[in-house]
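Observations on the three-dimensional arrangement
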Amino acid sequence: MTTLPSTSPSTKKPASMLLHKITLEDFGAYRGKQSLDLTPKRNKPVILIGGLNGCGKTTLLDAIQLVLYGARARCSGRGSKAYDTYLRESINRQADPTQGSAITLEFTVTVDGQEHHYRVIRSWHTSGKSLKEFLNVFVDEEYGEKAKSGRKAKPEGKYSRLLSEGWADHVEDLLPLEIASLSFFDGEKIESLADPDRAASVIQSAVHSLLGVSTVQQLRTDLAALQRRQKLSDEEQHLMDNIRAQESERDRVQQELADARQEQASRRTELGKAQRALETLERAFQKEGGNLYERRLELEAEHKQVTEQLAELRGALAQVAAGPLPLLMLSDQLKDVRKQAKREETAAEAHQVLDVLNERDAWILEQLPAAAQKDLLKALKADRAQRAKAAKLKVDYQLPHDALAQLQVLDEVLVRDKARAAELGAQTAEVSERLDQLDRQLAGVPSQSKVEALQVARTDQLQVVAAAESTCERGEEQITDLKRRREYVTGQLERAHNEFVRTKVKAEEVERIIKYSERARQTLERFSEALLQRHISRLEFAVLQSFKDLMRKQGLVNDLRIDTDKFTLTLTDADGEIIDPGRLSAGERQLLAVSLLWGLMKVAGSRLPNVIDTPLGRLDSRHREHLVDRYFPNASEQVLLLSTDEEIDEYLLGRLKKSVAHTYTLVHDDTKFTTSVVEGYWWGSGAQHVA
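Basis of the calculations
Residues numbered from 1 in each chain as written. Predicted model: local features only at pLDDT ≥ 70, side-chain atom pairs only at ≥ 80, totals over all residues. Heavy atoms only, no water. Helix = DSSP H or I, 4+ residues; strand = E, 2+ residues; numbered from the N terminus. Buried < 20%, exposed > 50% of the residue type's maximum accessible area, 1.4 Å probe, protein only. Contact = heavy atoms within 4.5 Å. Areas by Shrake-Rupley, 256 points an atom, 1.4 Å probe, with all protein chains shown as cover. Pairing = 2+ DSSP bridges. Axes fitted to C-alpha atoms, helices over the stretch in contact; angles between N-to-C directions. Parallel < 35°, antiparallel > 145°, perpendicular 65-115°, else oblique. Left-handed = near helix turned anticlockwise from the far one by under 90°. Nonpolar A, V, L, I, M, F, W, Y, C, P; charged D, E, K, R; others polar. Phe/Tyr/Trp six-rings, centres within 6.5 Å; stacked < 30°, edge-to-face > 60°. Lys NZ or Arg CZ within 6 Å of the ring centre and 35° of its normal. Core = buried A, V, L, I, M, F, W, Y, C linked by side-chain atoms within 4.5 Å. Salt bridge = Lys/Arg side-chain N within 4 Å of Asp/Glu carboxyl O.

1. Points about the overall build of the protein chain
- When its secondary structure is counted, the protein chain shows 17 helices and 14 strands.
- The burial tally for the protein chain puts 42% of its 691 residues in the buried class.
- For the protein chain, the proportion of contacts with a sequence separation of at least 24, taken over those separated by at least 6, is 72%.
- Taken as a whole, the protein chain presents about 39000 Å² of accessible surface, with 50% of it coming from carbon and sulfur.

Here you go:
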């Protein structure tokens, strides 16, 4: 997006400007496309353009103004003609009116150290009975690669629609028309500036526009007009009264909320004090055993319960002990009984086997032959004898035949009862320990007389804390209600603002503007007077110094004064006598006018191009030398001189040459009534053929 460089539109202070190139296409006497490089060089600000009368010097000056200001340009050839008529007549006679004319001006403007390149093209052509005009502005062009010579290549522009459509306003920010009229002038016509009345109007206009005084005065005028316009309608006033009422309600609720919060903070402080006092009593109560005293009944009830539980456990243990459990103490004897029962069971089984063996052996012997019976009988008797020996017992308790089974059942019962007894024993030990603890706690319970006072104080403080907490809760509820009320009022007010925001803004602006505008106007009035006096003093010195530098008669003018009310210019001689401008020669009046313009530019500090048409008319040789030596090289960073061969002649060209960057000659063809631009100047190299 293109950034539009501009000075502040309120100050109208011109920026630094340099013209680089102008191109004329079928404009006035200039046939076809004619271009002039206007770029100054280091310590060479002068671009010298020569031409005989009628060759187009003034047309070139008009072209610069026309491309910048359009219908507002103060072109010498226009007079009282309509703008369209002037443009029609400005198309070259030999050109096709439907193709029309065009003027292209390339220049740079430096604002706040940033240089911006402009290319402005104003063109026009006829279309039937109508005339169409076009303005195209290219800004912030980027240069291509540098040429071998070190110069920058021709820039390629970026078209700005915004600038093209608003150029009339933008050019006023860059170079106001009133200031341009002081920078682009006809040397012969400015002689009229030596007239007191004419000089007064120019000085007043220049001081106000060029030096910024008009800005201050315009601000005062604008403030006065703004004050007069500040008024609300009855309907708007009613709406604003409603909004102010709602704002008052909001402020009231906000204040109530702030008060409630402050009171709540006090309540919380009191609650904190009460809680700390309760904590102190609690610690004292605990130190005196108050907790045990309060738990006395609880401890006693628990003691009774634990005692009963212990009795039940001991009864259960006694019941378990009443069973076979004591036999665990006869484990060795039980082992012997178990062995004896085993032996008796074995002996009984052996007796039964012997009876069966006797019958078997008898049967077997009957089945064998007599020869074989003897040996077998012996063996069988030995076997029976051995078994009979095993069946004999040393001790026979005649235990029941199921003694082993009974002993097995007894073992299982003993294991079960042992586990149960162990469980009951552990529980009994635990309950006994708890009972001992309760006995110790009950023994430590203080007497009632010892803790009664602390208990009463603690109870009272608990009530104080409860009351403070209740008060805080009510305070929080009040704050919550006020917050809801504030939200409701704020919502109502916001809706009112959304509906009447323009009215509210206007009312606020009215109040603010009415309050401060008068004070600002008074301040601006004092500032304007001081600023004007300061500028006038500087201008008097600058104009007088410039006039003395240019005058041949150094003692002619001793002092110069400018009236701050009427802006009239007064000259006095060495004796303090006022010099009548009518006593000055035409050349001296022209020098006075040049001095006035030069002084204005010095005071303004503006670096603007000076375009001077017919710069040395009516001046004698000495005054011409002064202008060539002192004014032209120092008037500005860029000075365009449009001169005849009699003004800047061969002699003056030699004196001026060291300050000249470019020279051109305007050559007019009397047969075709057209002018072309040729580089070089009379008596200069490259232009000998032009004469």
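The structure having been displayed, the exposition proceeds.
2. Remarks on the sheet that holds strand β10 (residues 578-579)
- On the basis of which strands lie adjacent, the open sheet formed by three strands has the order β8-β9-β10 and antiparallel pairing. In this open sheet, the two edge strands, each paired with only one partner strand, are β8 (559-562) and β10.
- Relative to β10, strand β9 (residues 569-572) is paired through two bridges, and the arrangement is antiparallel. Looking across to β10, one finds that Leu 571 is bridged to Ile 579.

3. Structural notes on the packing of helix α15 (residues 586-604) against helix α16 (residues 621-631)
- At a minimum axis distance of 11 Å, the contact between α15 and α16 shows a crossing angle of 15 degrees. Considered as vectors, α15 and α16 are oriented roughly parallel to each other. Crossing handedness for the pair α15 and α16: left-handed. Every residue of α16 that contacts α15 at Glu 588, Leu 591, Val 594 and Trp 598 is listed here: His 623, Leu 627, Arg 630 and Tyr 631.

4. Digging into the packing of helix α1 (residues 57-69) against helix α4 (residues 167-174)
- Contact geometry for α1 and α4: axes closest at 9 Å, N-to-C directions at 120 degrees. Here α4 runs oblique to α1, going by the angle between their axes. Contacts from Val 67, Leu 68 and Tyr 69 of α1 reach α4 at Trp 167, Val 171 and Glu 172.
- For the contact of α1 with α4, the residue count by class is five nonpolar, no polar and one charged.

5. What to know about the packing of aromatic side chains
- Under the defined criterion, the tally for this structure stands at seven aromatic pairs.
- Here the aromatic rings of Trp 598 and Tyr 631 are separated by 4.9 Å at their centres, their planes lie at 65 degrees, and the arrangement is edge-to-face. With Trp 598 in helix α15 and Tyr 631 in helix α16, the pair connects residues that are 33 residues apart, well separated along the chain. Judged on exposure class, the residue Trp 598 and its partner Tyr 631 are both buried.
- Grouped by ring-pair contacts, the aromatic residues Phe 107, Tyr 118 and Trp 167 constitute a single cluster.
- Sitting above the plane of the Phe 673 ring, Arg 93 keeps its charged end 5.7 Å from the centroid.
- The aromatic ring of Phe 138 is capped on one face by Arg 119, whose charged end is 4.3 Å from the ring centroid.

6. Considerations on the environment of Leu 653
- Take Leu 653: it is sitting in helix α17 (residues 650-656).
- Since its relative accessible area comes to 10%, Leu 653 is described here as buried.
- Along the backbone, Leu 653 and Trp 683 are 30 residues apart, and their C-alpha atoms lie at a distance of 8.4 Å.
- Those residues in contact with Leu 653 that sit more than four places away from it in its chain are Leu 48, Ile 648, Tyr 681 and Trp 682.

7. Thoughts on the environment of Ala 403
- Tracing the backbone shows Ala 403 in helix α13 (residues 403-444).
- In the structure, Ala 403 is positioned 61 residues away from Lys 342 in sequence and 8.5 Å away in space, judged by C-alpha atoms.

8. Section: the nonpolar core
- Counting 54 residues, the largest nonpolar core has Ile 22, Leu 68, Phe 107 and Trp 167 as its most contacted members.
- Ranked by the residues each element gives to this core, the list is headed by α1, at eight residues.
- Residues contacting Ile 22, with those up to four places away along its chain left out, are Gln 34, Ser 35, Leu 36, Leu 38, Leu 60, Ala 63, Ile 64, Ile 103, Thr 104 and Leu 105.
- Counting residues in hydrophobic clusters, the runner-up holds 52 residues, among them Ala 200, Leu 532, Leu 569 and Leu 653.

9. Digging into the pairing of strand β1 (residues 16-27)
- Where burial is concerned, most of β1 is hidden: 10 out of the 12 residues are buried.
- Pairing between β1 and strand β4 (residues 101-111): nine bridges, direction antiparallel. By the bridge assignment for β4, Leu 24 is matched with Ile 103.
- Hairpin geometry of β1 and strand β2 (residues 30-37) is characterised by an intervening segment of two residues between the two adjacent antiparallel strands and by a positive phi of about 60 degrees at Gly 28.

10. Considerations on α4
- Within α4, six of the eight residues are buried, which leaves the element mostly enclosed by the surrounding structure.
- Within α4 the residues assigned to the buried category are Trp 167, His 170, Val 171, Glu 172, Asp 173 and Leu 174.
- Structurally, α4 contributes buried residues whose contacts are with α1, β4, β5 (114-127), β6 (130-139), α3 (161-165) and α5 (177-183).

11. Side note on the pattern of salt bridges
- In total, this model carries 18 salt bridges according to the counting rule given.
- Among the ionic pairs, Arg 250 bridges to Asp 251, the shortest N-O distance being 3.3 Å.
- Given the relative accessible area of 44%, Asp 251 is considered partly exposed.
- Note that Glu 476 and Arg 268 form a salt bridge whose closest N and O atoms lie 2.0 Å from each other. On the criterion of sequence distance, the pair formed by Glu 476 in helix α14 (residues 448-550) and Arg 268 in helix α8 (residues 234-287) is long-range, its members being 208 residues apart.

12. Focus: the environment of Leu 325
- Turning to its location among the elements, Leu 325 is positioned in the loop between α10 (296-321) and α11 (331-367).
- Residues Leu 325 and Lys 418, spaced 93 residues apart in sequence, show a C-alpha to C-alpha distance of 6.9 Å.
- For Leu 325, the contacting residues outside a window of four places in its chain are Val 320, Leu 414, Asp 417, Lys 418 and Ala 421.

13. So, the side chain of His 20
- Here His 20 shows up in strand β1.
- What His 20 contacts, discounting residues up to four positions off in sequence, is Leu 36, Asp 37, Leu 38, Thr 39, Glu 106, Phe 107 and Thr 108.

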